[in-house]
Amino acid sequence: TGMCVGSLACQPVLGRLIDRFSPAHVLAVCGAAQLIICAVLAQSISSDLMIWPLVFAWGAAVGGMYTAGLSGLGSKFAAGDLPTASTGFTMIWEVGALCGPVIAGAAMQVWDPHGLAAVLAVLGALLLLASLRSRREITAG
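Given the structure is predicted, the values throughout are model-derived calculations rather than measurements.

Enquirer: Any chance you could explain the environment of Pro113 here in plain terms?
Expert: Structurally, Pro113 is set in the loop between helix H5 (82-110) and helix H6 (115-140). Overall, Pro113 belongs to the partly exposed group, its relative accessible area being 42%. Put simply, Pro113 and Lys76 are 37 residues apart on the chain and 40 Å apart in space, counted from C-alpha to C-alpha.

Enquirer: Mind showing me how you'd approach the packing of aromatic side chains here?
Expert: Given two aromatic rings, one states the distance between the centres and the angle between the planes to describe the pair. Throughout the structure, instances matching the rule amount to three aromatic pairs. Here Tyr66 and Trp93 contribute two aromatic rings whose centre-to-centre distance is 4.8 Å and whose plane-to-plane angle is 70 degrees, an arrangement assigned as edge-to-face. You can see Tyr66 sitting in helix H4 (residues 48-76) and its partner Trp93 sitting in helix H5, a full 27 residues away along the chain. The class of Tyr66 is partly exposed, set by a relative accessible area of 29%. Their ring planes at 25 degrees and their centres at 6.2 Å tell us that Phe89 and Trp93 sit as a pair that is stacked. Here Phe89 pairs with Trp93, and both are found in helix H5, just four residues apart, close to one helical turn.

Enquirer: Just to check I follow, could you spell out the packing of helix H3 (residues 23-43) against H4 for this structure?
Expert: Geometrically, a packed helix pair is captured by the angle between its two axes and the distance between the axes. Where H3 contacts H4, the axes come no closer than 9 Å and their chain directions differ by 155 degrees. On the basis of the axis angle, H3 is roughly antiparallel to H4. Relative to H4, the crossing made by H3 is left-handed. Of H4, the residues touching H3 (which contributes Pro23, Val26, Leu27, Cys30, Ala33, Gln34, Ile37, Cys38, Val40 and Leu41) are Ile51, Leu54, Ala57, Trp58, Ala61, Val62, Gly64, Met65, Ala68, Gly69, Ser71 and Gly72.

Rules behind the numbers
Residues numbered from 1 in each chain as written. Predicted model: local features only at pLDDT ≥ 70, side-chain atom pairs only at ≥ 80, totals over all residues. Heavy atoms only, no water. Helix = DSSP H or I, 4+ residues; strand = E, 2+ residues; numbered from the N terminus. Buried < 20%, exposed > 50% of the residue type's maximum accessible area, 1.4 Å probe, protein only. Phe/Tyr/Trp six-rings, centres within 6.5 Å; stacked < 30°, edge-to-face > 60°. Axes fitted to C-alpha atoms, helices over the stretch in contact; angles between N-to-C directions. Parallel < 35°, antiparallel > 145°, perpendicular 65-115°, else oblique. Left-handed = near helix turned anticlockwise from the far one by under 90°. Contact = heavy atoms within 4.5 Å.

Laid out in structure tokens, this is it:
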């Protein structure tokens, strides 16, 4: 619930950030936010007061990843190619939605209670690195 509320409540702010900065910048910030939130979440797992704001912020970061990713398609693809690009993006997102819980569940079995946060922190770091690489290619090209 906290993640969903964070994602929904922060969409207008994320949209303004994407309008003001590039989607690659917003993706980098969302990846960094996920990395930081997961590191703090791993340390705060037993505190009910800390969990809810962290999960809210985490939802905002995840929602920002999806929104910025879709927004980035508009600058990379011609209008005629956008339906295909959007379908490909959604398919990849859904593969992650299918495989992610399995990987996270295995990590939780191996490293309870920090496995979930560790997997998500690694994924946030990968997103951060990929978006920084993408941003460099955009400014160089």
